[in-house]
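Notes for the structure review
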Amino acid sequence: MTKKHNTLGGNVIAPESKAEHLDDDHPREACGIFGVYAPGLDVARLAFFALYALQHRGQESTGIATCDGQAAYVHKSMGLVSQVYNENNLAPLKGHMAIGHNRYSTTGSSHIRNAQPYLIETMHGPLGVAHNGNLTNASDLRSQLLERGVGLSTTTDSELITQILAAPATVWSPYCKPNGSGGDCWIDRIQAFMAVSEGAYSLAIITRDAIYAVRDPRGMRPLSIGRLEQGYVIASETCALNTINAHFIRDVAPGEIVRLNEAGITSFEGCPPEKHTLCVFEYIYFSRPDSLLDGQVIHQARQRMGRQLACEAPVDADLVIGVPDSAIPAAIGFSLESGIPYNEGLVKNRYIGRTFIQPDDRLRQQGVSLKFNTLAENLQGKRVVLVDDSIVRGNTSGPLVQLVRGAGAAEVHVRVCSPPIRHPCFMGIDMATYTELIAHRFDVEGIKKQIGADSLHYLSLDGMLDAICQHRSATYCTACFTGVYPISIPDWLFEDNRDKLYFEEVWGI
Ligand code: SF4
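Given the structure is predicted, the values throughout are model-derived calculations rather than measurements. (Residues numbered from 1 in each chain as written. Predicted model: local features only at pLDDT ≥ 70, side-chain atom pairs only at ≥ 80, totals over all residues. Heavy atoms only, no water.)

**Concerning the pattern of salt bridges**
For clarity, the threshold we go by: Note on definitions: salt bridges are taken to be side-chain nitrogens of Lys or Arg within 4 Å of carboxyl oxygens of Asp or Glu. Secondary structure is summarised from DSSP: a helix means a run of H or I of at least four residues, a strand means a run of E of at least two, and numbering begins at the N terminus for each. We call a residue buried when its accessible area falls under 20% of the maximum for its residue type, exposed when it is over 50%, and partly exposed in between, using a 1.4 Å probe and counting protein chains only.
Counted by the stated rule, this structure contains 15 salt bridges. Where Glu-282 meets Arg-57, a salt bridge forms, and the shortest distance between an N and an O atom there is 2.8 Å. Of the two residues, Glu-282 sits in helix 8 (residues 281-286) while Arg-57 sits in the loop between helix 1 (43-53) and strand 2 (61-67), which places them 225 residues apart along the sequence. Take Glu-282 and Arg-57: they sit in the same class, and that class is buried. The salt bridge partner of Arg-383 is Asp-318, with a shortest N-O separation of 2.9 Å. Pair noted here: Arg-383 is in strand 20 (residues 383-388) and Asp-318 is in the loop between helix 9 (298-312) and strand 17 (319-322), with a separation of 65 residues, a long-range link.

Written out as structure tokens, the structure reads:
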């Protein structure tokens, strides 16, 4: 008999939360986080501009929580950073420290209850949490909290984290040996949380006295530390540091807790680090091209991936174009390596945002032309190499090929800067079922036919990893390509009907 579970264990949990993005076919990240400790500065304003820089990581909702050493203040709402904040709602966000959060956008989970940061009152003052990632044992943690009488108001694991941190570490003591906290009860509690949790998480935590940055033992989600003239910041990506004129110091290490307070930066071991498995999709798609990851500029890594693709899958062609924006560096790399001229062929309408309201495939395909126009003068009569960074569901590659062909291209050869995505992700990226993945259902030849391309080639796994990290000293999560997961995944998460099980149990539908 199939066991029922009362959570999908993620940031994107709600009965109506299945993402339907009509504008493109990329995996979806589940959040951007930020934290700042800076006495004398307008921390709410700093958080606002940092969240603006992190908007690409999540567009459903945004929130900022601040603390002045006594009380905490929060403003959060559905919508984009530019829509949510104004002078009137930033002004009450007083204090010298802040955390902020952008949440990944879905059609259905459009409910303020799932917006972050979560802010609650505890015996030791305010506690706020901003979370990026996904706990794979959220179902078990939820059960344990409910058995202890903790009421939960959302279905997200981010709330679970907050409630686990709200309890004394001794509550979780069977699992935890607090280690070198120096009497800081929050360090004890974070260590306890890290001892009982499994999965991917980067956290920004605000308390009465400090900001804490936390990264899971495998470092699956990015988190960087920067220095301001009057304080310190943490952010999901270094592009947010640059925006507020903070200087990059280093990344938070896997399994590390970093405290920002009046003493400066203090590092604690949260839990023993495991093999570093940063999500490789940070390089392929998620991170902004101007961000720095593991000491590498994303733009350069993507350009090398394009070069490698040109070596692995050469083609006689007249023109290389990229799918804007994330595939442009790879298209340039492909052109440089192959000698085939690069030019723009697709122009992205950056202001259309996302088209949320048409859920079926036919309308979704129309959504592509809402977002991209062609430069027909550049394409007419040309044999075109169309470079994309990834194909997830395959529902926009076909319309894009048609768009380029319809603008007069003689041939369209699709080159993809990552291997076929054949396995779901359970670590916080919205591609969590086998059936939605086109490369699970078809081989490369079948996908080529589906999208109507003259040829189709994917970058090999080794080629991709060589291009990303030329010395191969770093290791990455590549589970969606290989099926080899860095953490143990409960069997029930592989069931494609788990959404249904969840809806039946929790929502009675
Ligand atoms: S499975 Fe894929 S998308 Fe998920 S964390 Fe690993 S590399 Fe990233």
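Read on, since the account is not over.
**Here's the deal with the packing of helix 9 against helix 10 (residues 328-338)**
Inclusion rule: Axis lines are fitted through C-alpha atoms, for helices just across the contact stretch, and the angle between N-to-C directions can take any value from 0 to 180 degrees. Should an angle fall under 35 degrees it is taken as roughly parallel, and over 145 as roughly antiparallel, whereas 65 to 115 is taken as roughly perpendicular and any remaining angle as oblique. Throughout, a crossing is termed right-handed when the near helix is turned clockwise from the far one, and left-handed when it is turned anticlockwise from it by less than a right angle. Contacts are residue-level and defined by heavy atoms, with any inter-residue pair within 4.5 Å sufficient. Gly is placed with the polar residues, together with every amino acid not listed as nonpolar (Ala, Val, Leu, Ile, Met, Phe, Trp, Tyr, Cys and Pro) or charged (Asp, Glu, Lys and Arg).
Between helix 9 and helix 10, the least distance of the axes is 6 Å, while the angle of their chain directions is 45 degrees. As judged from the angle between their axes, helix 9 and helix 10 are oblique. Viewed along their axes, helix 9 and helix 10 form a crossing whose handedness is right-handed. Contact with helix 9, carried on its side by His-299, Arg-302, Gln-303, Gly-306, Arg-307, Leu-309, Ala-310 and Cys-311, involves Pro-329, Ala-330, Ile-332, Gly-333, Phe-334, Leu-336, Glu-337 and Ser-338 of helix 10 and no other residues of that element. Taken together, the residues of the contact of helix 9 with helix 10 break down into 8 nonpolar, 5 polar and 3 charged.

**A few points about the sheet that holds strand 8 (residues 211-215)**
Picture the strands of a sheet paired through backbone hydrogen bonds; they go either parallel or antiparallel. Basically, it comes down to this: Strands qualify as paired when DSSP identifies two bridges or more between them.
Judged by pairing direction, the sheet is antiparallel, and its 6 strands sit side by side in the order 5-6-7-8-12-13 without closing on themselves. Looking at which strands have only one partner, the edges of the open sheet turn out to be strand 5 (118-122) and strand 13 (264-269). Neighbour to neighbour, the strand axes of the sheet diverge by 20 degrees on average, direction disregarded. Examined bridge by bridge, strand 5 and strand 6 (residues 125-135) share 5 bridges and lie antiparallel to one another. Bridge pairing in strand 6 places Leu-119 opposite Gly-128. The strands touched by helix 5 (residues 157-166) are strand 5, strand 6 and strand 7 (199-206); relative to strand 6, the strand with the most contacts, the crossing angle is about 135 degrees. Along the sheet face, helix 6 (residues 185-196) touches strand 5, strand 6, strand 7, strand 8, strand 12 (256-261) and strand 13 and points at about 20 degrees away from the line of strand 8.

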